[in-house]
Amino acid sequence: MRCLGRTAGFKRCKNNCKFLVCRHHRVQLIIFLIITLPSILLSYYEIYQYTRANEVSNYLKVDELLEDQKAQDSLLRTTISVIEKIEPTLTERYNLQGNDSLYHNVVEAFEYENMTKLRESIKEAFEVDSLDYDEMLGYVVAGYVGLKDYANATKMVLERDKSLPEYNHSLKLDIIYCLRNARLRHGAEYAENLADSLKGEYGNKIITNVWAHTPYSIATLMEKGIHPRYLLTQYVSDASRDRLREVIDDNDPYCSYGYYLIGDYEKALSCNPNSRIKDILIYASGYEKVKQFYEQKSEKDFSLAVISFMSGENDVTRREKSLLQEAIQFFSQYANNPSYSELPHYDDSLYWMAWCYAQMDDNERALEVLRGLNEGDYVRQKTSLEPVLISRMGNNVSRENLDYVLGNVLNSRGFHWDTRNFRTLISRMDNSAILAIIQEYPEKASHGVNYFLKEKMNKNWFDENTLQLCNSLLSGNYRISEEIRKTAEQGVLLGELKTTNDVNRFLALQKELTYNISPSTLAEEIENGMQRFSNSNKMDYLHYLLIRKLVVADPTKVEAKVAEFMDNYPDSDLADDALAEGIYNFFKNLEDPNKGLNLFNTLLLNYNNTNAVDNVIYHIADFYNKECCCSYYESSNMAYSCRTAVKYADIIVQKYPESSYYFRSQQIINKAVGLLYKYNYSL
């Protein structure tokens, strides 16, 4: 054949050759191949990608997948409804019927006054020996209770009580137990009449019809001096309260117990000023005033939010202030009684007194009261309230109070508690006060200052004042840790991010802060930046960055932002990536496969030849892989999830061998196939 090479005059060579060019023009052939071969290979790769994309789109018929998913959802709803119908039968209580003959022997021996037989019967029934007569009577009571003969059990308790002095009420809980069970077994009227009938014979030392309505768990705590406020709402029904209002007799020495059960604590104090539960009634009266005040100020749950609630003098009305003052009077009456100093609610009273003063913005008085609280249930709340009080005092705080609270905070055992309270402590201080603390306590204060700055940045509370503090820490002669130095440097960068008008600098700062600042803060700053750079040619990139941050910070906003992106930038090179983020969000965060598959359909129809497709396919496979875990409560759901996981993962393995998810997809397939085989399901 004639040589294809060219001579110096660009004319075709006249020599003959065996393959394309003669030996004089081999260099020309090599240069030609170097120039053209990459283009040829790239063209073939683009054809391969296009063909592969069409094959994947045809294979993944999303409409069919949606129908499968909806059918599976329907199946799960049916399964759940069946479970809900069966569940009540699974939670029924079993009435265990024991052998009452042993209890009967005890009671019979007592009634026939056969002491020898009684001792033997007690030993056989209760496996105890060497009892005196009073102790034997106690087991006779137990015998009657075992036979559910609560009338005779009550009478036997009163018989035992006859030998005890007037001040000894040690058998009161036994009486409450018997009358309460009589009420539960035979009704309120039966138990009340039983109590009234026994008063004539035994007096009213430890018996009253109020016991018929007193849950034993509440009575036990009351005897220990504890105000069981949560149990009162759970275990004393409205019907019991209504009945108690009818039967309470103000001349009954136990009228205070009845009024206590219905929640009228002040009436309980007035009906019997010498009540044996006077300490509980005083504390409960103060606590009720706190509750009334809080419920006028907040709609949040009292038991969960009252501890952290804080108002100020200007926010408290005259009526609300009166409630707080009344509460303080009750708590003071409790805390100032020397005989109450060892009782359970002594420290609690101090805490709530301080809390009430704090609501009226009398922070000095509140802190003074808290100084007396060093143990009890409210110690942790105390160490949390003290920094709040110092913070509210601002720059008017005395050095004595600051040193006292600062010492408590810095010497705290809990690291998290330490830093949180320290942040509260310095939250209203000016920079000079904070810097003075760092100067005096460089090591102990370092964690608190660091967390204080991080919280400002991560919750987007970062302002000009915080930026000045960061600059002061970096430029001043302070012994600060490397940790604080890095945080302060990040603060300076965040300050620049908030103000720069150079879009390229903005993007560079955002990238540098990505792993140090919370996604929510960066998302907000990107939205602010989009307003500043609305005329920039990088608006689509900013919008895409916003979507990425929201996937982590607030998944509920992603759907709207993706739709907005597709409306404004459908031809952007980032359109497929924006869709991919939306699909990921539906599957991984919101667990809504139906919406995810709908968005996947858009990706396959319009952007099937992009690098986002294999990423999305893997994350869908991984979503179903999570449900492909066991034979958990509905095995067909497991089988469906395993098969679907295999279907998607196999596409990565077969069609995208270059994907970074290739090996992980193989792992999904191996796991799913293994589980299907284990539970005898076909692939």
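Some remarks on the layout of surface pockets
Here is step 1: Space inside the largest pocket adds up to approximately 570 Å³.
Here is step 2: Along its surface, the largest pocket is lined by 21 residues, and S308, S384, V388, T424 and S427 are the ones closest to its centre.
Here is step 3: Sorting the residues of the lining of the largest pocket by element identifies helix 19 (379–393), helix 21 (415–426) and helix 23 (446–458) as the ones contributing at least two each.
Here is step 4: Looking at which element gives the most residues to the lining of the largest pocket, the answer is helix 19, with six residues.
Here is step 5: Among the residues making up the lining of the largest pocket, the classes are represented as seven nonpolar, seven polar and seven charged.
Here is step 6: In terms of lining, the second largest pocket is formed by 15 residues, of which the most central are T514, Y515, L545, R548 and K549.
Here is step 7: Contributions of two or more residues to the lining of the second largest pocket are made by helix 26 (503–513), helix 28 (539–553) and helix 30 (575–589).
Here is step 8: The element that contributes the greatest number of residues to the lining of the second largest pocket is helix 28, accounting for seven residues.
Here is step 9: Residue composition of the lining of the second largest pocket, by class: eight nonpolar, three polar and four charged.

Examining the state of the cysteines
Here is step 1: Taken as a whole, this structure holds two disulfides when the rule is applied.
Here is step 2: Across the disulfide from C255 sits C271; the S-S distance is 2.2 Å. Because the sign of the S-S torsion sets the handedness, a value of about 105° for the bond joining C255 and C271 places this disulfide among the right-handed ones. In this pair, C255 is assigned in helix 12 (residues 255–262) and C271 in helix 13 (residues 265–271), connecting sequence segments 16 residues apart.
Here is step 3: C628 shares a disulfide with C642; S-S distance 2.0 Å.

Comments concerning the confidence of the model for the protein chain
Here is step 1: When the pLDDT values of the protein chain are averaged, the result is 83; 85% of them are 70 or greater.
Here is step 2: Mean pLDDT values over the elements of the protein chain span from 44, in helix 2 (residues 62–90), up to 96, in helix 28.
Here is step 3: Below pLDDT 50 for its whole length, residues 75–98 participates in eight contacts with residues either more than four positions away or in separate chains.

Things to note about the packing of helix 29 (residues 558–568) against helix 30
Here is step 1: In the contact formed by helix 29 and helix 30, the axes pass within 10 Å of each other and the chain directions differ by 160°. Considering the angle they form, helix 29 stands roughly antiparallel to helix 30. As for the relative orientation of helix 29 and helix 30, their crossing is left-handed in sense. Every residue of helix 30 that contacts helix 29 at V558, E559, V562, F565 and M566 is listed here: A575, A578, L579, G582, N585 and F586.
Here is step 2: Along the lines of polarity and charge, the residues of the contact of helix 29 with helix 30 split into eight nonpolar, two polar and one charged.

Comments concerning the packing of aromatic side chains
Remark: the centre distance and the inter-plane angle together describe each pair of aromatic rings, the angle taken between the planes.
Here is step 1: Within the structure shown, the criterion is met by 25 aromatic pairs.
Here is step 2: Residues Y260 and Y265 carry aromatic rings whose centres are separated by 5.5 Å and whose planes lie at 45° to one another, so their mutual orientation is tilted.
Here is step 3: Judged by its relative accessible area of 0%, Y260 falls in the buried class.
Here is step 4: Y265 sits in the buried class, given a relative accessible area of 9%.
Here is step 5: Between Y287 and W352, the aromatic rings sit 5.5 Å apart at their centres with planes inclined by 85°, giving edge-to-face as the arrangement. Of this pair, Y287 sits in helix 14 (residues 278–297) while W352 is found in helix 17 (residues 346–359), placing the two residues 65 residues apart along the sequence.
Here is step 6: Looking at W352, the relative accessible area reads 0%, which means it is buried.
Here is step 7: Taken together, the ring pairs connect Y283, Y287, F293, F331, Y334, Y340, Y351, W352 and W355 into an aromatic cluster.

Considering unusual backbone geometry
Here is step 1: Positive phi is not limited to glycine here, since E127 has a value of about 55°.
Here is step 2: When you line up the elements, E127 lands in the loop between helix 4 (115–126) and helix 5 (133–146).
Here is step 3: Residue classification places E127 among the exposed positions, given a relative accessible area of 72%.

Quick word on the pattern of salt bridges
Here is step 1: In the structure shown here, the tally under the stated rule is 24 salt bridges.
Here is step 2: E455 is paired through a salt bridge with K459; the nearest N and O atoms lie 3.4 Å apart.
Here is step 3: Judged by its relative accessible area of 46%, K459 falls in the partly exposed class.
Here is step 4: Here E559 and K595 are joined by a salt bridge, their closest N and O atoms 3.5 Å apart. Here E559 is found in helix 29, whereas its partner K595 is found in helix 31 (residues 593–606), with 36 residues between them in sequence.
Here is step 5: Judged by its relative accessible area of 41%, E559 falls in the partly exposed class.
Here is step 6: A residue is classified by how much of its surface remains accessible, and K595, at 38% relative accessible area, is partly exposed.

What about the side chain of H213?
Here is step 1: Along the polypeptide, H213 turns up in the loop between helix 8 (188–202) and helix 9 (216–223).
Here is step 2: A polar contact is formed between the side chain of H213 and the side chain of E192, at a distance of 2.7 Å.
Here is step 3: Residues contacting H213, with those up to four places away along its chain left out, are R180, R183, A188, E192, S240, R243, L244 and L261.

Here we look at helix 11 (residues 238–247)
Here is step 1: When helix 11 is considered as a whole, its buried residues turn out to be S240, R241, L244 and V247. Viewed end-on, helix 11 has its buried residues packed into an arc of 130°, placing them on one side of the element. In helix 11, those exposed residues whose orientation departs by more than 90 degrees from the buried face are D238, A239 and E246.
Here is step 2: Elements in contact with the buried residues of helix 11: helix 7 (172–186), helix 8, helix 10 (229–235) and helix 12.

Parameters and conventions
Residues numbered from 1 in each chain as written. Predicted model: local features only at pLDDT ≥ 70, side-chain atom pairs only at ≥ 80, totals over all residues. Heavy atoms only, no water. 1 Å grid on protein atoms, 1.4 Å probe; cavity = no way out; pocket = protein on both sides within 12 Å on 5 of 7 lines; lining within 4 Å. Points joined across faces, edges and corners; volume = space filled by probe spheres on them. Helix = DSSP H or I, 4+ residues; strand = E, 2+ residues; numbered from the N terminus. Nonpolar A, V, L, I, M, F, W, Y, C, P; charged D, E, K, R; others polar. Disulfide = S-S within 2.5 Å. pLDDT = per-residue confidence, 0-100. Contact = heavy atoms within 4.5 Å. Axes fitted to C-alpha atoms, helices over the stretch in contact; angles between N-to-C directions. Parallel < 35°, antiparallel > 145°, perpendicular 65-115°, else oblique. Left-handed = near helix turned anticlockwise from the far one by under 90°. Phe/Tyr/Trp six-rings, centres within 6.5 Å; stacked < 30°, edge-to-face > 60°. Buried < 20%, exposed > 50% of the residue type's maximum accessible area, 1.4 Å probe, protein only. Salt bridge = Lys/Arg side-chain N within 4 Å of Asp/Glu carboxyl O. Polar contact = N/O pair within 3.5 Å; in protein donor to acceptor, adjacent residues only side chain to side chain. Arc of directions from axis to C-beta.

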